[in-house]
Amino acid sequence: MTSETHPIPVDATAPVGFHKHDHDTCVQTALGAAEAQCKKDGLRLTPVRRKVLEMLLQEHRALGAYAILDRLRDAGFGSQPPVAYRALDFLVQNGFVHKIERLNAFVACSHPGAEHSPAFMICRKCDAVAEAKSAPAKGILGAAARAVGFEIERTVVEAEGICPDCTEKA
C-alpha cells in the first residue's frame, strides 16, 4: 500500500485495507491504540510484540508465522519459532491481530478496541486483506443457530476474490 494523503474512511463499518490512505498515520494510530489498550488493561506490549504488530500493520496483507520470524530475525530479535508464536498468541488473544484461517497467516486488526466479528476479503492474486465488521449472529447464520439452540461464540468470515489494485492491473 502506498502512502496517499487520503484519510482513513470515517465510516466505521467500511472495509479497511484496500482503500488509499495515509499509511504512516494508519500505522502510528494503530500502534498508539494498542499501547493505550495495553496500558489500560495492565498488559505488556514487549518490544517483540510491538515489532510483530508493526510488521503486520505495515503490510495490510496476511503474513505467516515463519515470514514474521524471518523479519524478526532480520530486525535483531530471536530466531526460534516460539518467539513469533508467543507474540502472535498475545496479539490475537488481545484483539490486536486476527488469524486468517484460509492462509494460516495473521493480519493486524483494522478495528482495534472495537468488539466485533471480523469478515475478511482476501485477494487471491496479491494476498492483500481488507477487514470489515460483520454480525453473523444477527443474520441467517444467527437465525439458524437460534433455531437449534446453538450459541455462536466465534465466527470467521473469509471471502476470496480480487482486490481493486489487481482488478485495475488486469
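Residues numbered from 1 in each chain as written. Predicted model: local features only at pLDDT ≥ 70, side-chain atom pairs only at ≥ 80, totals over all residues. Heavy atoms only, no water.

**Student:** Whenever I open this one, the overall build of the protein chain confuses me. Can you help?
**Tutor:** Regarding its fold elements, the protein chain presents six helices and five strands. Starting at the N terminus and walking to the C terminus, you meet the elements of the protein chain as α-α-α-α-β-β-β-β-α-β-α. When burial is assessed residue by residue, the protein chain has 35% of its 170 residues classed as buried. Looking at the protein chain alone, contacts between residues at least 24 apart form 49% of all its contacts between residues at least 6 apart. Surface summary for the protein chain: the accessible area is close to 9,700 Å², and the carbon and sulfur share equals 53%. (Helix = DSSP H or I, 4+ residues; strand = E, 2+ residues; numbered from the N terminus. Buried < 20%, exposed > 50% of the residue type's maximum accessible area, 1.4 Å probe, protein only. Contact = heavy atoms within 4.5 Å. Areas by Shrake-Rupley, 256 points an atom, 1.4 Å probe, with all protein chains shown as cover.)

**Student:** How do you make sense of the state of the cysteines when you look at a structure like this?
**Tutor:** Each disulfide consists of one covalent bond between the sulfur atoms belonging to two cysteines. In this structure the tally under the stated criterion is zero disulfides. With no disulfide of its own, cysteine 126 lies 3.7 Å from the sulfur of cysteine 123, the closest cysteine sulfur. In this structure cysteine 166 is a free cysteine whose sulfur lies 3.7 Å from that of cysteine 123, the closest cysteine sulfur available. (Disulfide = S-S within 2.5 Å.)

**Student:** Would you take a moment to explain the pattern of salt bridges for this structure?
**Tutor:** A side chain of one charge can pair with a side chain of the opposite charge if their charged atoms are brought near each other. Counted according to the given criterion, the structure contains six salt bridges. The partner of aspartate 70 in a salt bridge is arginine 73, and the shortest N-O contact between them spans 3.2 Å. With aspartate 70 and arginine 73 both in helix H3 (residues 65–74), this residue pair falls three residues apart, about one helical turn. Via salt bridges that share partners, Glu35, Arg50 and Glu54 belong to a single interconnected network. (Salt bridge = Lys/Arg side-chain N within 4 Å of Asp/Glu carboxyl O.)

**Student:** So what exactly am I meant to see when it comes to unusual backbone geometry here?
**Tutor:** Apart from glycine, the bulk of residues carry a negative phi angle, and the bulk of peptide bonds sit in the trans form. One non-glycine residue, asparagine 104, lies in the positive phi region at around 50 degrees. Among the structural elements, asparagine 104 can be located in the loop between strand E1 (97–100) and strand E2 (105–108). Owing to a relative accessible area of 49%, asparagine 104 belongs among the partly exposed residues under this scheme. One non-glycine residue, aspartate 127, adopts positive backbone phi at about 65 degrees.

**Student:** What should I look at first to understand the pairing of E1 in this one?
**Tutor:** Within a regular beta strand, the side chains point alternately toward one face of the sheet and then the other, so they alternate between its two faces. Bridge count for E1 against E2 is four bridges, and the pairing is antiparallel. By the bridge assignment, isoleucine 100 is partnered in E2 with alanine 105. (Pairing = 2+ DSSP bridges.)

**Student:** Where do I start with the confidence of the model for the protein chain in this structure?
**Tutor:** Low-confidence regions, as indicated by low pLDDT, have predicted coordinates that should not be scrutinised in detail. Taken as a whole, the protein chain shows an average pLDDT of 83; of its residues, 85% reach a score of 70 or greater. Throughout residues 1–14 the model reports pLDDT below 50, and contacts reaching past four residues in sequence, or to other chains, amount to 28 contacts. (pLDDT = per-residue confidence, 0-100.)

**Student:** Help me understand the packing of helix H2 (residues 47–59) against helix H4 (residues 81–93), please; the structure alone is not making it clear to me.
**Tutor:** Helix-helix packing: each pair is described by the crossing angle between the helix axes and the interaxial distance. Contact pair H2 / H4: the axes reach a minimum separation of 9 Å and the direction vectors enclose 75 degrees. In terms of orientation, H2 and H4 fall into the roughly perpendicular class. Contacts between H2 and H4 involve Val48, Arg49, Val52, Leu53 and Leu56 on the former and, on the latter, Val83, Ala87, Leu88, Phe90 and Leu91. For the contact of H2 with H4, a count of residues per class yields nine nonpolar, no polar and one charged. (Axes fitted to C-alpha atoms, helices over the stretch in contact; angles between N-to-C directions. Parallel < 35°, antiparallel > 145°, perpendicular 65-115°, else oblique. Nonpolar A, V, L, I, M, F, W, Y, C, P; charged D, E, K, R; others polar.)

**Student:** I would appreciate a short explanation of the packing of H2 against H3 in the present structure.
**Tutor:** Their axes nearest at 11 Å, the elements H2 and H3 cross at an angle of 115 degrees. Handedness of the crossing formed by H2 with H3: right-handed. Taken together, the residues of H3 that come into contact with H2 (itself represented by Val48, Lys51, Val52, Met55, Leu56 and Glu59) are Ile68, Arg71 and Leu72. In terms of residue class, the contact of H2 with H3 is built from six nonpolar, no polar and three charged. (Left-handed = near helix turned anticlockwise from the far one by under 90°.)

**Student:** Sorry if this is basic, but what is going on with the side chain of threonine 155 here?
**Tutor:** One can find threonine 155 in the loop between helix H5 (140–147) and strand E5 (157–161). Those residues in contact with threonine 155, other than ones at most four positions away along the chain, are Ser117, Pro136 and Leu141.

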